[in-house]
There are 2 protein chains.
Amino acid sequence: MVAIGEASRLSGVSIETIRYYEREGIVSKAGRTSSGRRLFTDAEIAELRFIKRCRDLGFSVHDAVALKSIARKPNDACQSVEQLGRKHLTNIQEKIGELRQLESALTELVSNCEQGRKQCPMLHALMSQTDLEIGEAPFSKL
Amino acid sequence: MVAIGEASRLSGVSIETIRYYEREGIVSKAGRTSSGRRLFTDAEIAELRFIKRCRDLGFSVHDAVALKSIARKPNDACQSVEQLGRKHLTNIQEKIGELRQLESALTELVSNCEQGRKQCPMLHALMSQTDLEIGEAPFSKL
DNA sequence: CTTGCTCCTGTAGTCACTACAGGATGCATG
DNA sequence: CATGCATCCTGTAGTGACTACAGGAGCAAG
């Protein structure tokens, strides 16, 4: 049974974020001392670490909570996990694709810039009537 | 001189977003008819399109506004633009790197999943004491 | 007893929008 | 001229996932 500072150190989740997770019902509520301070069991610290791992893999909090609840029912757990994981993997790959397009578009725009030029080709492209060869702004937040 | 709906169509910026941009001082305030409806000049539509282009390239609104004001003063414009552009390009490349790490970590985790398995290896990794071989959650929002 | 650390609640800010609610105006048709 | 529908207005609240205080209380060591 440790206080919130130690729980934070052990789980890698910041104190403010732990309180936020509790408030939002993302993790279970920790017990309290008589004076109202939170006390964390090993299981609760593991829960925090689990969420942190999921977040570090880029899963949304929503998905992290889903994975946590899948982990508690043994039936078909692996299948559900794989489904969520593959969906997320697809999102990541799409995002990489989007960013690579941005990268190449921006590389080209910047490559024509030179110190002392009177007309900046990148500004010119940004101001032109014709469309650039890129899509809409990236939606996914990852 | 066109109304907001037409300005939206011409610039690709949604009506709600145009009003938001005006409210926040991101673009200059449009004139109004006697009854209070906004009227947009060609220059104001070009301004909206400029911001949209920047956003589509992944620049923050802050940077987009900076680029817009750089575009108005001809001295060293190209140099300032290049600087912002290269900085942003670096961010994009870092982000791609982060996502590739996520991709490979997740690919490995998911690859061991099989339907009907009793112990899910991905859940096991998420719950283990030892650290995963990935960094912190991605910060940059792009 | 005092100092300094940790902890508490509650609120506001971040970023860049999006989504209404509730009402006014403008235009075309009957 | 009345009706109906599209378009417009303001203002507010919600999104995701936190972060950053303000203002106060508790605890342990010297």
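Here's what I pulled together on the structure shown here. Bear in mind the structure is a predicted one, so any value in this text is a computation, not a measurement.

Reading guide: rules and limits
- Residues numbered from 1 in each chain as written.
- Chains lettered and ligands numbered in written order.
- Predicted model: local features only at pLDDT ≥ 70, side-chain atom pairs only at ≥ 80, totals over all residues.
- Heavy atoms only, no water.
- Salt bridge = Lys/Arg side-chain N within 4 Å of Asp/Glu carboxyl O.
- Helix = DSSP H or I, 4+ residues; strand = E, 2+ residues; numbered from the N terminus.
- Buried < 20%, exposed > 50% of the residue type's maximum accessible area, 1.4 Å probe, protein only.
- 1 Å grid on protein atoms, 1.4 Å probe; cavity = no way out; pocket = protein on both sides within 12 Å on 5 of 7 lines; lining within 4 Å.
- Points joined across faces, edges and corners; volume = space filled by probe spheres on them.
- Nonpolar A, V, L, I, M, F, W, Y, C, P; charged D, E, K, R; others polar.
- Near = heavy atom within 4 Å.
- Polar contact = N/O pair within 3.5 Å; in protein donor to acceptor, adjacent residues only side chain to side chain.
- Least-squares fit on C-alpha atoms with pLDDT ≥ 70 in both.
- Contact = heavy atoms within 4.5 Å.

**Things to note about the pattern of salt bridges**
In the structure shown here, the tally under the stated rule is 15 salt bridges over all chains. A salt bridge links A:Glu82 to A:Arg86, with the shortest nitrogen-to-oxygen separation between them at 3.0 Å. In this pair, A:Glu82 and A:Arg86 both sit in helix α5 (residues 77-111), four residues apart, roughly one turn of the helix. In this structure, the salt-bridge partner of B:Glu47 is B:Lys68, at a minimum N-O distance of 3.2 Å. Of this pair, B:Glu47 sits in helix α3 (residues 42-56) while B:Lys68 is found in helix α4 (residues 61-72), placing the two residues 21 residues apart along the sequence. On the basis of relative accessibility, which here comes to 11%, the residue B:Lys68 falls in the buried class. One continuous salt-bridge network, built from bridges that share partners, spans A:Glu22, A:Arg32 and A:Arg38.

**Quick look at empty space enclosed by the protein**
If you walk through the whole model with that rule in mind, you get two cavities of 30 Å³ or more. Quantified by volume, the largest cavity comes out at close to 40 Å³. Looking at the lining of the largest cavity element by element, the count peaks at three residues for helix α3 (residues 42-56) of chain A. Here the lining of the largest cavity is built from residues that sort into five nonpolar, one polar and two charged. The wall of the second largest cavity is formed by B:Val27, B:Ser28, B:Phe40, B:Glu44, B:Glu47 and B:Leu48. Residue classes in the lining of the second largest cavity are distributed as three nonpolar, one polar and two charged.

**Some words on the protein's contact with DNA strand D**
As a structural note, the neighbourhood of DNA strand D is formed by 19 residues, with A:Thr17, A:Arg55, B:Gly5, B:Arg19 and B:Arg38 the closest of them. For DNA strand D, the backbone makes up 71% of the atoms found within 4 Å of the protein, where backbone means sugar plus phosphate. One of the backbone N or O atoms of B:Ile4 is found 3.4 Å from a phosphate oxygen in DNA strand D. Between DNA strand D and the protein, one listed contact pairs a phosphate oxygen with a backbone N or O atom of B:Gly5 at 2.7 Å. Mapped by element, the contributors of at least two residues to the surface near DNA strand D are α2 (15-23) of chain A together with α1 (4-11) and α2 (15-23) of chain B. Element by element, the count of residues in the surface near DNA strand D is highest for α2(A), at four residues. Residues of the surface near DNA strand D, tallied by class, amount to six nonpolar, six polar and seven charged.

**Description of the relation of the copies chain A and chain B**
For the pair chain A and chain B, the relating rotation is 180°, the translation along its axis is 0.0 Å, and the fit reaches an RMSD of 0.1 Å. The transformation just described matches what one would write down for a two-fold rotation axis. Interface residue correspondence from chain A to chain B reaches 100%, placing this contact among same-surface, isologous pairings.

**Considerations on the protein's contact with DNA strand C**
Residues in contact with DNA strand C amount to 19 residues; listed here are only the nearest, A:Gly5, A:Arg19, A:Arg38, B:Arg37 and B:Arg55. Restricting attention to atoms of DNA strand C within 4 Å of the protein, one finds that 73% of them are sugar or phosphate atoms. Side-chain polar atom of B:Thr17 to a phosphate oxygen of DNA strand C: 2.9 Å apart, as the coordinates give it. A distance of 2.8 Å separates a phosphate oxygen of DNA strand C from a polar atom in the side chain of B:Tyr21. At four residues, the largest contribution of residues to the surface near DNA strand C is made by α2(B). Residues that form the surface near DNA strand C fall into these classes: six nonpolar, six polar and seven charged.

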